[in-house]
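Summary of structural features
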Amino acid sequence: MLTADINGNRSRPLPRAVGFCPFCQSEMIPRCGEVRVHHWAHKSKVDCDPWWEPETDWHRNWKNEFPLRWQEQIFEDEATGERHIADVHTLAGLSVEVQHSHLDPEERRSREAFYKNMLWIVDGSRLERNRKKILEWRNAMVEIVQYKKRTNLFLTDKADELFPKDWLESPAPVCFDYMGPKADLLSTSQPLFLLYPGVVHHRRLIEPLERDGLLRSILSEKLNANSIRNIMQNVAKLRLGKNSR
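Below, the structure is looked at part by part. Keep in mind it's a predicted model, so treat the numbers as computed, not measured.

**Quick notes on the overall build of the protein chain**
Each helix and strand counted, the protein chain has 7 helices and 14 strands in total. Taking 245 residues into account, the globule formula puts the C-alpha radius of gyration at 18 Å, and the protein chain, at 19 Å, falls close to it. In terms of principal-axis extent, the alpha carbons of the protein chain reach across some 65 × 45 × 30 Å. Taking all 245 residues of the protein chain together, 49% fall into the buried category. Sequence-distant contacts, at least 24 apart, represent 55% of the contacts inside the protein chain between residues at least 6 apart. When the accessible surface of the protein chain is totalled, it reaches about 13,100 Å², and 48% of it is carbon and sulfur. Separation of charge centres in the protein chain, based on 37 positive and 35 negative side chains, amounts to 8 Å.

**Details of the sheet that holds strand β6 (residues 71-76)**
As summarised here, the arrangement of the 9 strands in space is β6-β7-β8-β9-β12-β13-β14-β11-β10, forming an open sheet in which the pairing is mixed. Each end of this open sheet is capped by a strand with a single partner; those strands are β6 and β10 (142-146). Within the sheet, the average angular offset between the axes of one strand and its neighbour, ignoring direction, is 40 degrees. Pairing of β10 with strand β11 (residues 149-156), which is carried by 4 bridges, proceeds in the antiparallel orientation. Paired with Gln-146 across the two strands is Lys-149, which belongs to β11.

**Re helix α7 (residues 225-237)**
Between its terminal C-alpha atoms α7 stretches 19 Å, which fits the 18 Å expected from 13 residues at 1.5 Å a residue. Looking at α7, one finds that the buried residues are Ser-227, Ile-228, Met-232 and Val-235. All buried residues of α7 project into a common sector of 135 degrees when viewed along the axis, lining one side. In the core, the buried residues of α7 are packed alongside β10, β11 and β14 (204-209). At the N-terminal boundary of α7, the capping side chain belongs to Asn-224, with an oxygen 3.0 Å from the backbone nitrogen of Asn-226.

**Some words on unusual backbone geometry**
The bulk of non-glycine residues show a negative phi, and the bulk of peptide bonds are trans. Despite not being glycine, Asn-7 has its phi angle at roughly 55 degrees, a positive value. Asn-7 sits in the exposed class, given a relative accessible area of 77%.

**Comments concerning helix α2 (residues 105-115)**
At 3.6 residues per turn, the α-helix brings residues three or four places apart onto the same side. Listed in full, the buried residues belonging to α2 are Arg-108, Arg-111, Glu-112, Phe-114 and Tyr-115. Projection of α2 onto a plane perpendicular to its axis shows the buried side chains occupying an angular sector of 165 degrees, all on one side. In α2, the exposed positions angled more than 90 degrees off the buried face are occupied by Glu-106 and Ala-113. Buried residues along α2 sit in contact with β6, β7 (83-89), β8 (95-99) and β9 (118-123).

**What about a negative patch on the surface?**
On the surface, Asp-104, Glu-106, Asp-166 and Glu-169 cluster together into a patch of negative charge. Here Glu-169 is to be found in the loop between α5 (159-162) and β12 (174-177).

**Structural notes on the pairing of β7**
Counting buried positions along β7 yields 6 of 7 residues, so the element is predominantly enclosed. Bridging between β6 and β7 involves 5 bridges; their strand directions are antiparallel. Bridged to Phe-75 within β7 is His-84. Bridging between β7 and β8 involves 2 bridges; their strand directions are antiparallel. Considered in β8, the bridge of Val-88 is made with Val-96. Joining the antiparallel neighbours β7 and β8 is a turn of 5 residues, in which Gly-93 adopts a positive phi near 95 degrees.

**Describing the packing of aromatic side chains**
In this structure the tally under the stated criterion is 11 aromatic pairs. Aromatic pair Trp-137 and Phe-193: ring centres 5.3 Å apart, planes at 70 degrees, arrangement edge-to-face. Residue Trp-137 is found in helix α4 (residues 137-140), and its partner Phe-193 is found in strand β13 (residues 192-195); the two are separated by 56 residues along the sequence. In this structure, Arg-83 is placed above the aromatic ring of Phe-23, and the distance from its NZ or CZ to the ring centre is 4.2 Å. If you follow Arg-211 out to its NZ or CZ, it ends over the ring of Trp-62, 3.8 Å from the centre.

What counts as what
Residues numbered from 1 in each chain as written. Predicted model: local features only at pLDDT ≥ 70, side-chain atom pairs only at ≥ 80, totals over all residues. Heavy atoms only, no water. Helix = DSSP H or I, 4+ residues; strand = E, 2+ residues; numbered from the N terminus. Rg over C-alpha atoms; globule rule 2.2 N^0.38 Å. Buried < 20%, exposed > 50% of the residue type's maximum accessible area, 1.4 Å probe, protein only. Contact = heavy atoms within 4.5 Å. Areas by Shrake-Rupley, 256 points an atom, 1.4 Å probe, with all protein chains shown as cover. Lys, Arg positive; Asp, Glu negative; His and termini not counted. Charge placed at Lys NZ, Arg CZ, Asp CG, Glu CD. Pairing = 2+ DSSP bridges. Axes fitted to C-alpha atoms, helices over the stretch in contact; angles between N-to-C directions. Expected span 1.5 Å × (residues − 1). Arc of directions from axis to C-beta. Polar contact = N/O pair within 3.5 Å; in protein donor to acceptor, adjacent residues only side chain to side chain. Patch = residues over 30% accessible without salt bridge, like charges linked within 9 Å, V, L, I, M, F, W, Y side chains within 5 Å. Salt bridge = Lys/Arg side-chain N within 4 Å of Asp/Glu carboxyl O. Phe/Tyr/Trp six-rings, centres within 6.5 Å; stacked < 30°, edge-to-face > 60°. Lys NZ or Arg CZ within 6 Å of the ring centre and 35° of its normal.

Taken by themselves, the reported measurements are silent on function.
As structure tokens, this is what we get:
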């Protein structure tokens, strides 16, 4: 984790400090080496969030893009008492979950039902087949052009080739980072790919984004469930023809 409680205050890791997990209250050890991103490690995570998993530096770097007060926010379902830690939660109510390792579809659905208004950021570089396919993404997607203006919104019927299949049924938007920890293996830089939920015009809607573009959308609180829904509805109303290329 990136934060722990010290004397009742949320804190970054500090050398030789003693912190406590804000979720399970167990003691945490600061890891402040020169190689990996500074973080806190549980002495014992037996009683911590069952959705918690070991984090890579890729995971921590994504969380560090956001204000400290948004990171590792604890949520509790008042009806059931179920509690979990969201990687990031914005003031506008958007939960952002960053996922590097394989996630069981049942747990994915549980998280989506729990957080509701959420966005996934997924390491797409894990699967070699998808990583190679995405290099040729312009050949697999058709850009929507309206009134001779480019929209940076693309439709594809090859989503199952470009993206990990386990994520195609998610009701939440999923942003794939194909650079990931394997960035040095790519010969050219690739954008992030925001996969919108659901189907429109019998295809999937994709928005390629630079990392800064995605961050600006989240930090300015312009990206949320309502904005995603509005974009999907507007695209569904379009009469697509030759000008959609």
